[in-house]
Amino acid sequence: MANNKTGFTSSFGVIMAAAGSAVGLGNIWRFPYICGQYGGAACLFVYLLFVFLIGMVLLMTEFVIGRRSGFSPEKAFPALCPKRPAWKLVGLYGMFTCFLILSIYLVISGWTLGYFWESVTGTLSSIANDGFADHFEAFVASPWKPVVFLVVFLAFTLLVILGGVQKGIEKVSKLLMPILLVLVLLLCVRSLTLPGASKGLDYLFHPNFALLNWEGILAILGQALFSLSVGMGAMIVYGSYIPRDSNILKTATWITVCDVSIAVLAGIAIFPAVFAAGQDPAGGPGLVYQVLPVVFNSMGTVGQIFAILFFLLLSLAALTSAISLLETLTAWLADRGMKRNVAAVLVSVAEAALGVFVAYSFNGGLLSHITPGGMNLFDWVDKLTGAYLPPIGALLTVIFFGWVMKKEDIYDELSNHGVLKVSWFKVFYHILVRFVAPAALLVSLVAGILT
Ligand code: PFF
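Residues numbered from 1 in each chain as written. Predicted model: local features only at pLDDT ≥ 70, side-chain atom pairs only at ≥ 80, totals over all residues. Heavy atoms only, no water.

A. Here's a closer look at the nonpolar core. Among the nonpolar cores identified, the biggest contains 166 residues, and W111, Y238, Y289 and F310 are the most heavily contacted of them. The dominant element in this core, judged by the number of residues it contributes, is helix α14 (residues 301-335), at 19 residues. With near-sequence residues (within four places) excluded, Y238 lies in contact with F8, A17, A18, S21, I169, I323, S324 and E327. (Core = buried A, V, L, I, M, F, W, Y, C linked by side-chain atoms within 4.5 Å. Buried < 20%, exposed > 50% of the residue type's maximum accessible area, 1.4 Å probe, protein only. Helix = DSSP H or I, 4+ residues; strand = E, 2+ residues; numbered from the N terminus. Contact = heavy atoms within 4.5 Å.)

B. Layout of a nonpolar patch on the surface. Together, F45, L49, L53 and F209 line one region of the surface with nonpolar side chains, adding up to about 400 Å² of accessible area. Note on placement: F45 falls in helix α3 (residues 41-69). What makes F45 exposed here is its relative accessible area of 52%. (Patch = residues over 30% accessible without salt bridge, like charges linked within 9 Å, V, L, I, M, F, W, Y side chains within 5 Å. Areas by Shrake-Rupley, 256 points an atom, 1.4 Å probe, with all protein chains shown as cover. Salt bridge = Lys/Arg side-chain N within 4 Å of Asp/Glu carboxyl O.)

C. Main features of the packing of helix α16 (residues 377-404) against helix α18 (residues 425-450). The N-to-C vectors of α16 and α18 enclose an angle of 150°; their axes lie 9 Å apart at closest approach. Judged by the inter-axis angle, α16 sits roughly antiparallel to α18. Relative to α18, α16 is oriented so that their crossing is left-handed. Of α18, the residues touching α16 (which contributes Y388, P391, I392, A394, L395, V398, F401, G402 and W403) are F428, Y429, V433, R434, F435, A437, P438, L441, L442, L445 and I449. Tallied by class, residues from the contact of α16 with α18 come to 18 nonpolar, one polar and one charged. (Axes fitted to C-alpha atoms, helices over the stretch in contact; angles between N-to-C directions. Parallel < 35°, antiparallel > 145°, perpendicular 65-115°, else oblique. Left-handed = near helix turned anticlockwise from the far one by under 90°. Nonpolar A, V, L, I, M, F, W, Y, C, P; charged D, E, K, R; others polar.)

D. Local environment of the site of the ligand. Around the ligand lies a shell of 15 residues, among which A22, G26, Y105, F226 and A234 are the nearest. Interatomic distance of 3.4 Å between a side-chain N/O atom of N27 and an oxygen atom of the ligand. Taking Y105, its side chain carries an N or O atom lying 2.4 Å from an oxygen atom of the ligand. For the ligand, the accessible surface in isolation is 340 Å², of which the surrounding protein chains cover 100%. In terms of residue class, the shell around the ligand is built from seven nonpolar, eight polar and no charged. (Near = heavy atom within 4 Å. Polar contact = N/O pair within 3.5 Å; in protein donor to acceptor, adjacent residues only side chain to side chain.)

E. Here's a closer look at the packing of aromatic side chains. Under the criterion given, the structure shown has 30 aromatic pairs. Pairing Y203 with F271 gives two aromatic rings, centres 5.1 Å apart and planes at 55°, and the pair type is tilted. Within this pair, whereas Y203 is found in helix α9 (residues 197-205), its partner F271 is found in helix α12 (residues 248-276), the two being separated by 68 residues in sequence. On the basis of an interplanar angle of 5° and a centroid distance of 5.5 Å, the ring pair of F425 and Y429 is categorised as stacked. (Phe/Tyr/Trp six-rings, centres within 6.5 Å; stacked < 30°, edge-to-face > 60°.)

F. Molecular detail of the layout of surface pockets. A volume near 380 Å³ is recorded for the largest pocket. Along the wall of the largest pocket there are 18 residues; nearest its centre are Y33, Q37, A219, D382 and K383. Counting residues per element, the lining of the largest pocket draws most heavily on α16, which supplies six residues. Taken together, the residues of the lining of the largest pocket sort by class into nine nonpolar, four polar and five charged. One number sums up the size of the second largest pocket: a volume of about 190 Å³. Among the elements that take part in the lining of the second largest pocket, α14 stands out by supplying four residues, more than any other. Taken together, the residues that form the lining of the second largest pocket break down as four nonpolar, two polar and four charged. (1 Å grid on protein atoms, 1.4 Å probe; cavity = no way out; pocket = protein on both sides within 12 Å on 5 of 7 lines; lining within 4 Å. Points joined across faces, edges and corners; volume = space filled by probe spheres on them.)

Set out below in C-alpha cells:
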C-alpha cells in the first residue's frame, strides 16, 4: 500500500470480502429474472462470455489500480498517471454510480428484510396463494414499512463499516459467505426434489435465442459488470486493501467463480420451484416477492422454514454487497481528509434520504405519480445502475489501464514485483485489456443504446 492504510489480513479475507461484494441481489434477485426475459440458456451463455472475458479482466484491472496506488478511485487514477489529473473524473463517476446503486440496493434490501420478518412471524404463510401480488403491492406502497426496514438494514451495514476493514468487513464476510453457500445449496436440493422440477431446469438451461436482442445483450453486459461489482470503482477500494503478496489472478478467479456459481445456483433454486407451483417464470422484478411465497406456501409446513431461509439468504447476500458500497463511498471521503467514521455516518444519512425517495416512487408509493419520461424514479435508478452506468465506467477504466497507465507498472503489480510467473501477461494485456474488452464494451453500449 502506498500509504499506511489498514488492509485485509489474508488472501482468503480478500476473496470472502470481494465475493461478498459481488454476490448480492444481482445474483439472486436480478439474474434469474433477466435469464427469464432473455432466453434462458442463451442469456446464460452470453453472460458467461461477458463475465470471463470482460468482467474478470475488469476485476483484475481495478485490483491493480487499487493496490498499486493505495487509494480510492478519485485519487487512484491521477496517482498512477500524474501528468493527466483529469482521469480523476472517472473515479468521481464511479462514486456517483455507487451512490445511486446503494440507494436502490437499500430499498430492495429493505423489502427483503421485511419479507424475512414476515416469514418469521408467520404473516407470509397466512396469506392465500392468490393474495401475494396484492400483498407485495401493499407492502411497497405502505408509507412506513419500506422505510423502516430500509433504515434497519442501513444501520446493520453502518455498524459493520464502523467496525473497520479487518474487524468489521473482513470478519463479517468470512462468517457470512460460507453460511450463504450452505443456504443456497439447501434451497437447491429442496427445489430439485419437487415434482415437476425438470421443467424449471429446462427453462433455465434450454437456449431460446429468439428472445435475445441487442437490448438484451446490453442488459446482460450490465448485469455481468454489476454482478462482479466492477465499472464503478468499488473493487479499486478493495484492491487498495489487498496484501502485497496476494496473487491477483488467483484471487480474481476465485471471486468470479464464486459469483457465477451462486447466480446459477440461485436459478436452480428458483425456477424448478416456480414451475412446480405453476407460477409465471417471467415474473420480472417481483419474481422473488410475488411468486416465491406461493411456492413456499405450496410446500406445506416446511414451506415456512424455506421462506425464512430464502429471505435470510437474500438479506445476507445484500448485506455484504451494501457493505462494500458504503465502504467505497466512506473510503473516498476519508481519502479526501474526512474522519472515517464521520464519513460513514454522513454517507448513510445521504443514502437514507435518497433511498426514501426511491422507495416511495415504486408502484403505488407516495411519489409513484412522478414519472419523467414515463418511468418512475425506481425504474430510472434500476435501469441506469443495471444497464448503462457500469459499462460506461468499465470502458473508461479499461482504456485508462490499457492505454494510459504504464505497462511496466501493471506487469510489476501482477507479478508481485517479479516474484510470480505471469506467462499469460501478453495475452491479458495486449489482447484482452487493449482490444477485446474495450471493443466489446463499446459495441454493446452503442448497439444497446441505439436500439
Ligand atoms: N455485485 C452486487 C450484486 O450483484 O448484487 C452489486 C454491487 C455491489 C455493485 C457493490 C457494486 C458494488 F460496489
